[in-house]
Amino acid sequence: MSGEEGVTVGDALVLEVGPVAHGGHCVARHEGQVVFVRHTLPGEQVRAVVTEIGPGGRFLRADAVEVLVPAPGRVSPPCPWSGPGRCGGCDWQHVELDTQRELKAAVVLEQFTRLAGLDLVAHLGRPVVVEPVPGDQDGLGWRTRVEFAVDETGRPGLRRHRSHDIVPVGDCVIADRRVIGTGVLDRSFTGSAAVDVVAPSVGDTVVVPVPTGPVPLVRERVPLADGDLELGVSARGFWQVHPGAARTFVTTVLDWLAPRPGEKALDLYAGVGLFAAALARRVGPEGVVTAVENDPVATDNARDNLADLSDNLADLSGVEVVRDRVDRAVRRIVRAGGAVDLIVLDPPRTGAGRQVCRDIAGLRPRAIGYVACDPAALARDVGYLAEHGYVLRDLRVFDAFPMTHHLELVAVLDPRPNDVQHPIGASESPSV
Ligand SMILES: C[S@@+](CC[C@H](N)C(=O)[O-])C[C@H]1O[C@@H](n2cnc3c(N)ncnc32)[C@H](O)[C@@H]1O
């Protein structure tokens with residue numbers, strides 16, 4: 001395969017590496033053509049091998065295989081299975097932890113400028129700093145949930161970058177030691193496509209071959225200022241993988257939203273009800289919390305978790321779990337003329353999108369807490385919410401996935417002061 005310039009996959013290029021981009025790579029140019037280069041750092045000169053030619057030859061992808069001029073922040077990777085052509089799980093093993101966080105902050109700034117039209121530093125009046133999740137020491141040993149792929153011989157491993165190939169590994173240094181301690185990497189899982197290993201905060205680590213029979217329920221404890229929450233989660237269901245993440249995100253959201261007794265709140269993309277449970281305790285028996293989640297297993301887990309909470313607190317009759325897509329559920333509330341005081345949303349990587357942003361703004365909450373794992377989707381949605389009168393009040397960025405390019409953002413938005421309310425659907429894009 002070759003690009004417009006005659007470059008072919010496998011060619012070696014000498015590149016001057018430019019800025020970091022979203023996705024774990026940096027941007028370089030070869031004869032004017034954009035090259036997304038992995039395993040490098042801004043400011044380096046590298047010899048890179050072309051791994052892919054983008055559609056229509058619009059860009060190239062390449063792996064740095066030799067560093068000709070290193071940049072400050074380069075370290076020897078703690079994982080021997082990382083690097084060009086090896087395990088694709090981590091992007092920044094070759095980068096010192098503080099530098100990883102600086103790269104992530106640069107990506108967040110760039111995405112907000114490009115997709116929300118917002119200069120975050122000017123808007124927030126301070127630099128954007130990517131914070132470690134409290135308790136994280138060295139960016140290793142944090143991953144409490146790992147899905148290993150299983151090859152045709154039954155051996156577990158991890159996938160090569162942008163490939164279905166499975167790389168056999170003897171360890172995964174970002175995995176919680178309990179995950180590796182199960183001996184999963186020394187076992188054979190013939191007939192399985194994958195094996196999930198989950199090290200919950202309560203109870204034993206579980207090993208779940210996929211496909212499988214019944215999936216066990218694990219228990220997760222979240223220590224909060226007003227007492228621990230304990231939630232049941234299907235071992236294959238969604239839960240934050242960093243052990244300090246759930247507590248950090250809930251605490252940040254509660255601090256910013258400051259829920260009051262008797263208020264009405266929505267927890268959208270609720271999973272097993274983490275934010276709904278925390279909100280329910282704050283709004284109390286006079287309040288109302290509606291959790292919306294479309295996965296049937298997560299919805300059942302959320303109903304059980306919120307029923308347990310209700311039993312413990314005597315009366316939380318205003319807590320409800322709706323199994324539906326968020327766009328449909330919110331539209332129904334809008335059509336019924338509903339209003340809410342607070343909204344928390346924690347969508348998947350794709351974000352909430354234009355219609356959901358418009359509809360939640362139409363419910364006129366006094367604050368919106370937005371938890372996001374993709375800075376591009378969050379920036380885009382902050383732009384949509386601005387079109388409907390909501391302004392970013394604050395933002396924190398957490399390094400919930402050290403050694404990878406991933407991060408988690410928690411944002412709070414308030415109604416713009418003196419905002420004129422636009423009837424929902426009256427105009428698609430009032431000016432920001
Ligand atoms: C990032 S997880 C957040 C879960 C939960 N808030 C937590 O912190 O544990 C996103 C959740 O949204 C659910 N989801 C994805 N798309 C959805 C949609 N369109 N409507 C409702 N739920 C959705 C997924 O099943 C998943 O549980």
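Above this text you will find the structure in question.
Residues numbered from 1 in each chain as written. Predicted model: local features only at pLDDT ≥ 70, side-chain atom pairs only at ≥ 80, totals over all residues. Heavy atoms only, no water.

### What about the pattern of salt bridges?
In step 1: The final tally for this structure, using the stated rule, is 30 salt bridges.
In step 2: Across the pair Arg 38 and Asp 91 runs a salt bridge whose closest N-O atoms are separated by 2.8 Å. One end of the pair, Arg 38, is in strand S3 (residues 33–38); the other, Asp 91, is in the loop between strand S5 (59–69) and helix H1 (97–116), and 53 residues separate them in sequence.
In step 3: Given a relative accessible area of 5%, Arg 38 falls into the buried group.
In step 4: On the basis of relative accessible area, Asp 91 is assigned to the buried category, the value being 6%.
In step 5: For the salt bridge of Asp 165 with Arg 160, the shortest nitrogen-to-oxygen distance reads 3.4 Å.
In step 6: Overall, Asp 165 belongs to the partly exposed group, its relative accessible area being 41%. (Salt bridge = Lys/Arg side-chain N within 4 Å of Asp/Glu carboxyl O. Helix = DSSP H or I, 4+ residues; strand = E, 2+ residues; numbered from the N terminus. Buried < 20%, exposed > 50% of the residue type's maximum accessible area, 1.4 Å probe, protein only.)

### Focus: unusual backbone geometry
One can expect most non-glycine residues to show negative phi and most peptide bonds to be in trans.
In step 1: Going from Val 210 to Pro 211, the amide bond is cis rather than trans, its omega being -5°.
In step 2: Relative to the helices and strands, Pro 211 resides in the loop between strand S11 (206–210) and strand S12 (217–222).
In step 3: The backbone of Arg 364 sits at a positive phi, close to 50°, despite the residue not being glycine.
In step 4: Tracing the chain through its elements places Arg 364 in the loop between helix H8 (354–362) and strand S18 (367–372).

### Observations regarding the side chain of Asp 359
In step 1: Mapped onto the elements of the fold, Asp 359 is located in helix H8.
In step 2: A distance of 3.5 Å separates a polar atom in the side chain of Asp 359 from a polar atom in the side chain of Arg 358. (Polar contact = N/O pair within 3.5 Å; in protein donor to acceptor, adjacent residues only side chain to side chain.)

### Topic: the sheet that holds strand S19 (residues 390–399)
Within a sheet, each strand pairs with its neighbour through backbone hydrogen bonds, oriented either parallel or antiparallel.
In step 1: Strand order in this open sheet of eight strands is S6-S19-S20-S18-S17-S14-S15-S16, and the pairing throughout is mixed. A single partner strand is all that each edge strand has here, and the edge strands are strand S6 (130–132) and strand S16 (319–323). Strand after strand, the sheet turns through a mean of 20° between neighbouring axes, direction not considered.
In step 2: Inspection of the sheet shows S19 paired to strand S20 (residues 408–415) by eight bridges, in the antiparallel sense. Across the sheet, the residue bridging to Asp 394 is Val 412, located in S20. (Pairing = 2+ DSSP bridges. Axes fitted to C-alpha atoms, helices over the stretch in contact; angles between N-to-C directions.)

### Let's talk about the side chain of His 405
In step 1: Mapped onto the elements, His 405 comes out in the loop between S19 and S20.
In step 2: Those residues in contact with His 405 that lie beyond four places of it in its chain are Gly 23, Gly 24, Asp 91, Trp 92 and Lys 104. (Contact = heavy atoms within 4.5 Å.)

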